[in-house]
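Coordinates in review
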Amino acid sequence: MSIIGLPIAVAILVVVIMLARKLGTIVVTFMSWRKSAIIAGVYLLGLILSVVIAAVLPNHGFGLMERSHTGGGIQKGNVWTTSYSIRTQKDFESQPGLYLNSRQTFKIDQRAVKLGFAPNPGHFQIYVEQKEADDGKIDVSTYSTPFYVGETDYTKLLQPPKVIFQDGLLVIEPVQQTLTLKLFKSNFTQSQFEGKNAVNLQNGLSSSFGWSEVLLRVPKSMKIDKGQNYLQYLDKD
Amino acid sequence: MSLNNNLLSIASRQYVYKLKANSSGVYSLIFIQVLALLFSLSGIQSMSSVSETLRVNVKYFSADIIISFTFIWIFFMSLRLTSINSKTMDFTLVTNRLSSHLSNIGLLLTTIIFGSISSSLMGFVLKIIMYFAFDRSQIGVNGFYPVFSDILLGIITTGLYMTLIASMGYLLGILIQIHVLFVVLYPAALFGLEKVNPQMLKLSFDFFASETSPLLFAIRIILSSLIVFSLSCLLSNRMEVRK
């Protein structure tokens, strides 16, 4: 809040409180202290009831359920280093931060020996692994690196890039996505004991974007024309 | 012993009398909290981030505004108790300064209990409104469901903060009774201190707000409030009888 905004907000609040007090004085002329006590009790009861209602409301429908990491928890600090250690296909599976968000298999003509790439507008990191056999299939898996808002992992919400295979050309297009998140924060009277009340405006407001990684598993003898894309060939273990 | 008993019985009778006389405060508190609830529906913090393919808009919700409004309300309530009207009312009762202060503090503690419980629980009304009125697919489930220990901790902490704020409001009220210039001097002193030595104000803020141990926090607040209330009593003893 700006230096001008704060006094204005306080001034407005003071006026509101004075009006509220005036309102209270007017109301009290019509109501005895007994009625006030009853109203206070009903108000408190209503609030207690709201806790009970909140507790029993079903949790389906909430879009933002936190992802649980199966491959061991990943810390927020590891986000940027996640994909650098990928050298083999197994690394994808064992990498705890990576989230598999799509898997597609394209059948190719057995006579086709060449795979071309359309320009990659999303600048995805593409990893290529050559299979042991010529099975006539290209397996495309897309992964996302962790996407955090504050301390919460929302990688699961990210849409995978669109993958199309046509006439020997593989097209990987980014999907434009807008996420609107409404998150609950502990009241400052609670978060203080978690050490979160230190004056740091960035605290809890940082976000890191999940980057897409694409893994291609291609038949053994397939030749690849990478175009303008940067490909990284994976070791065979 | 009988003097103590007498003082306590007088103070408790005054307390009951004042509680009835100030019962209208509950309406202003409800009004303030409902108003704060409406403000809270637009979120307390928001951020936006954009990358090549992703735009993220985040809004945070909590009962912080409701609690803050309740803090301001208790400040004015405590100030009101030291007003000339309340002092004049005291003279219609069999009283001395100490019994008057004790009954005032008792009344403040009662309102603090009510205010801390209601402001902490009002957060759940906010959540229920959001549950039914907002697109649920955008809402994070984290922090939605009540945890009893968190609620209790929130109520106690809010109550402790309110006690400190009430004691400061009460002191300001007494100072205003001594000289009306304190209406200006009190905030001016704070503002001046913030300009001259901002570190000191930050340190005093951190002394309470950065304490992560609930026990130490409670001890700090209770001792500070006791000191401020005692100072108010001492200062008022030096005042003329009907001032």
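Keep in mind that this is a model prediction, so the values were computed, not measured.

Further remarks concern the sheet that holds strand E1 (residues 45–50) of chain B. Here three strands make up an open sheet; going across it, the order is E9(A)-E2(B)-E1(B) and the pairing mixed. The sheet is open, and its two edges are formed by strand E9 (177–184) of chain A together with E1 of chain B, each paired on a single side. Each strand axis lies, on average, 10° off the axis of its neighbour in the sheet, ignoring direction. Pairing of E9(A) with strand E2 (residues 54–61) of chain B, which is carried by eight bridges, proceeds in the parallel orientation. Residue pairing across strands places A:Gln177 opposite B:Leu54, the latter belonging to E2(B).

So, about the interface of chain A and chain B. Reports of interface size often rely on the accessible area that becomes lost once the parts have come together. Contact with chain A, which involves 69 residues of that partner, is made by 78 residues of chain B. Surface buried jointly by chain A and chain B totals about 6900 Å² across both partners, of which 69% is contributed by carbon and sulfur atoms. If you sort the residues of chain A by the area they bury against chain B, A:Lys182, A:Phe184 and A:Phe193 come out on top, with a joint share of 12%. Our enumeration of links across chain A and chain B arrives at zero salt bridges. Remark: the boundary between chain A and chain B carries 28 residue pairs in polar contact (both at pLDDT 80 or more). Elements supplying a minimum of two residues to the side of chain A that touches chain B: helix H1 (5–30), helix H2 (33–56), E9 and helix H4 (188–191) of chain A. Residue composition of the side of chain A that touches chain B, grouped by class: 40 nonpolar, 24 polar and five charged.

A word on the nonpolar core. By size, the foremost hydrophobic cluster in this structure holds 63 residues, and its most contacted members are B:Ile74, B:Leu108, B:Phe114, B:Met122, B:Tyr161, B:Phe217 and B:Ile221. If you list the elements that add at least two residues to this core, you get H1 and H2 of chain A together with helix H2 (25–40), helix H3 (64–81), helix H5 (97–133), helix H6 (148–178), helix H8 (198–209) and helix H9 (214–237) of chain B. Here this core takes 13 residues from H5(B), the largest share from any one element. A:Phe106, A:Leu115, A:Phe117 and A:Leu170 belong to the second largest nonpolar core, which has 19 residues in total.

Inspection of every chain in the model, using the stated rule, returns six salt bridges over all chains. For the salt bridge of A:Asp135 with A:Lys131, the shortest nitrogen-to-oxygen distance reads 2.8 Å. Across the pair B:Lys202 and B:Asp206 runs a salt bridge, and its minimum N-O distance is 2.7 Å. Here the residue B:Lys202 and the residue B:Asp206 both occupy positions in helix H8, the gap between them amounting to four residues, near one helical turn.

Turning next to the packing of H2(A) against H5(B). In contact at an axis separation of 8 Å, H2(A) and H5(B) are set at 45° when each is read in the N-to-C sense. Taken together, the axis directions place H2(A) and H5(B) in an arrangement best described as oblique. Crossing handedness for the pair H2(A) and H5(B): left-handed. Between H2(A) and H5(B), the residues in contact are A:Ala40, A:Tyr43, A:Leu44, A:Leu47, A:Ile48, A:Ser50, A:Val51, A:Ile53 and A:Ala54 and B:Phe114, B:Ile117, B:Ser118, B:Leu121, B:Met122, B:Phe124, B:Val125 and B:Ile128, respectively.

Moving on, we get to H5(B). The first and last C-alpha atoms of H5(B) sit 52 Å apart over 37 residues, in line with the 54 Å expected at 1.5 Å per residue. Among the 37 residues of H5(B), 26 are classified as buried, and the element is accordingly described as predominantly covered.

Moving on to the environment of B:Gly154. Structurally, B:Gly154 can be placed in helix H6. In this structure, the C-alpha to C-alpha distance between B:Gly154 and B:Asn142, residues twelve residues apart in sequence, is 17 Å.

UniProt tags residues 6–24 and 36–57 of chain A as "transmembrane region" (unreviewed entry). Taken end to end, residues 36–57 of chain A is 95% helix and 0% strand, and its first and last C-alpha atoms sit 31 Å apart.

Right, let's get into the confidence of the model for chain B. Looking at chain B as a whole, the pLDDT averages 87, with 91% of positions reaching at least 70. Across the assembled chains, the prediction reports ipTM 0.87 with pTM 0.76.

What follows deals with the UniProt feature "transmembrane region" (unreviewed entry) in chain B. According to UniProt, the positions carrying the feature "transmembrane region" (unreviewed entry) are residues 21–41, 61–81, 102–132, 144–164, 171–193 and 213–235 of chain B. End C-alpha to end C-alpha, residues 213–235 of chain B measures 33 Å, and it is 96% helix and 0% strand.

On inspection of all chains with the given rule, the structure shows 16 aromatic pairs over all chains. Considering the side-chain rings of B:Tyr131 and B:Phe132, the 5.0 Å spacing of their centres and the 75° angle between planes classify their relative orientation as edge-to-face. Judged by relative accessible area, which is 57%, B:Phe132 ranks as exposed. Aromatic pair B:Tyr131 and B:Phe144: ring centres 5.6 Å apart, planes at 35°, arrangement tilted. With B:Tyr131 in helix H5 and B:Phe144 in the loop between H5 and H6, the pair connects residues that are 13 residues apart, well separated along the chain. These aromatic residues form a ring-pair network of at least three members: A:Phe184, B:Tyr131, B:Phe132, B:Phe144 and B:Tyr145. In this arrangement the basic side chain of A:Lys185 is found over the ring face of B:Tyr60, its NZ or CZ atom lying 5.5 Å from the centre. B:Lys127 extends its terminal NZ or CZ atom over the ring of A:Phe184, reaching a point 5.5 Å from the ring centre.

All names here are of chain A. Per-residue pLDDT for chain A averages 75, and the proportion of residues at 70 or more is 68%. Highest mean pLDDT in chain A belongs to H2 (93); lowest belongs to strand E10 (residues 207–208) (60). Note that residues 68–82 has pLDDT below 50 and, in this model, 24 contacts with residues that lie over four places away or in other chains. Under a pLDDT of 50 for its full length, residues 199–205 has, in the predicted model, seven contacts with residues more than four places off or in other chains.

Rules used throughout
- Residues numbered from 1 in each chain as written.
- Chains lettered and ligands numbered in written order.
- Predicted model: local features only at pLDDT ≥ 70, side-chain atom pairs only at ≥ 80, totals over all residues.
- Heavy atoms only, no water.
- Pairing = 2+ DSSP bridges.
- Helix = DSSP H or I, 4+ residues; strand = E, 2+ residues; numbered from the N terminus.
- Axes fitted to C-alpha atoms, helices over the stretch in contact; angles between N-to-C directions.
- Contact = heavy atoms within 4.5 Å.
- Buried area = accessible area lost by both parts, 1.4 Å probe.
- Salt bridge = Lys/Arg side-chain N within 4 Å of Asp/Glu carboxyl O.
- Polar contact = N/O pair within 3.5 Å; in protein donor to acceptor, adjacent residues only side chain to side chain.
- Nonpolar A, V, L, I, M, F, W, Y, C, P; charged D, E, K, R; others polar.
- Core = buried A, V, L, I, M, F, W, Y, C linked by side-chain atoms within 4.5 Å.
- Buried < 20%, exposed > 50% of the residue type's maximum accessible area, 1.4 Å probe, protein only.
- Parallel < 35°, antiparallel > 145°, perpendicular 65-115°, else oblique.
- Left-handed = near helix turned anticlockwise from the far one by under 90°.
- Expected span 1.5 Å × (residues − 1).
- UniProt positions renumbered as here; feature names shortened; annotations may be inferred.
- pLDDT = per-residue confidence, 0-100.
- Phe/Tyr/Trp six-rings, centres within 6.5 Å; stacked < 30°, edge-to-face > 60°.
- Lys NZ or Arg CZ within 6 Å of the ring centre and 35° of its normal.

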